[in-house]
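Listed below are the residues making up each chain.
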Amino acid sequence: VQFRGLTLYGAPAERVPTLEEALALETGARPLLLDIKEDNAPVRAALARALARQAGERAIWLGVRSEAQARALRAFAPRAPQVAFIRRPREIESFARAGVEAIRLHARWLSAEPRLAARVRSAGARLLVVLENNDPRTRESALAASPDALLADDVVALFAALKRDSAKPPIP
């Protein structure tokens, strides 16, 4: 199976790298998160080969989208930590039972229901929060949940906002 890089729709200058290109990127000690959107034999085989070549060099996390996918990928890559990209909060416990190490929540979900972070931790998983559009209200909810990691669509804007927020005097 040959995997090719993709061009992002509406962004001709940006290209999504192939698996091999992503693994070749120099990220230092930072982990790499691979979002596994499809789960089939060729993808699992390519992933297993790539992970074997990277063994011990750095942490490579696998993003999974179903409990069945989590179990299937665990058989292929037993030491690779997994992040559940859940579609709705009611899936927290079922993904935890499937053995994922972390669960991704949307910041807007935490704004509506702050107890979701406690559910993730009670289930024994780490908490990753995705910030969409760098919205200040959802960013505050995400930070209040003390996540283990933040995923952002615009990291530069997130760092700028955090720097601005840290410069503001505390509310008495």
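Residues numbered from 1 in each chain as written. Predicted model: local features only at pLDDT ≥ 70, side-chain atom pairs only at ≥ 80, totals over all residues. Heavy atoms only, no water.

Asks: Tell me about the layout of surface pockets, and please be specific about residues and values.
Replies: Over the atoms, a rolled probe matching the size of one water molecule traces out where space is still vacant. There is about 750 Å³ of room inside the second largest pocket. Looking at the second largest pocket, it is lined by 26 residues, and the ones nearest its centre are Leu33, Leu128, Ala149, Leu150 and Leu151. Mapped by element, the contributors of at least two residues to the lining of the second largest pocket are strand 3 (32–35), strand 5 (82–85), strand 7 (126–131), strand 8 (149–152) and helix 8 (155–167). Taken together, the residues that form the lining of the second largest pocket break down as 17 nonpolar, no polar and 9 charged. (1 Å grid on protein atoms, 1.4 Å probe; cavity = no way out; pocket = protein on both sides within 12 Å on 5 of 7 lines; lining within 4 Å. Points joined across faces, edges and corners; volume = space filled by probe spheres on them. Helix = DSSP H or I, 4+ residues; strand = E, 2+ residues; numbered from the N terminus. Nonpolar A, V, L, I, M, F, W, Y, C, P; charged D, E, K, R; others polar.)

Asks: Which residues make up the sheet that holds strand 4 (residues 60–64), and what values go with them?
Replies: Across the sheet, 6 strands lie side by side as 3-4-5-6-7-8; this open sheet has parallel pairing. Taken across any chain shown, the strands that pair with only one partner, and hence form the sheet edges, are strand 3 and strand 8. Direction aside, the axes of adjacent strands within the sheet are offset by 30 degrees on average. Here strand 3 pairs with strand 4 via 4 bridges, running parallel. Bridge pairing in strand 4 places Leu33 opposite Trp61. Of the strands in this sheet, strand 7 and strand 8 are in contact with helix 7 (residues 136–144), which crosses strand 7 at around 170 degrees. (Pairing = 2+ DSSP bridges. Axes fitted to C-alpha atoms, helices over the stretch in contact; angles between N-to-C directions. Contact = heavy atoms within 4.5 Å.)

Asks: Please provide a residue-by-residue account of the nonpolar core, values included.
Replies: Buried together is how nonpolar side chains tend to be arranged in soluble globular proteins. In this structure, Leu62, Ile86, Ile103 and Leu105 are the most contacted members of the largest nonpolar core, which totals 36 residues. When residues of this core are assigned to their parent elements, the largest contribution, 4 residues, is made by helix 2 (residues 41–54). Apart from the residues lying within four places of it in its own chain, the contact partners of Leu105 are Ile86, Ile92, Leu110, Leu116, Ala117, Val120, Leu127, Leu128, Val129 and Val130. In this structure, Trp61, Phe85, Ala102 and Leu128 belong to the second largest nonpolar core, which totals 5 residues. (Core = buried A, V, L, I, M, F, W, Y, C linked by side-chain atoms within 4.5 Å. Buried < 20%, exposed > 50% of the residue type's maximum accessible area, 1.4 Å probe, protein only.)

Such coordinate-based values are descriptive only and should not be taken to indicate function.
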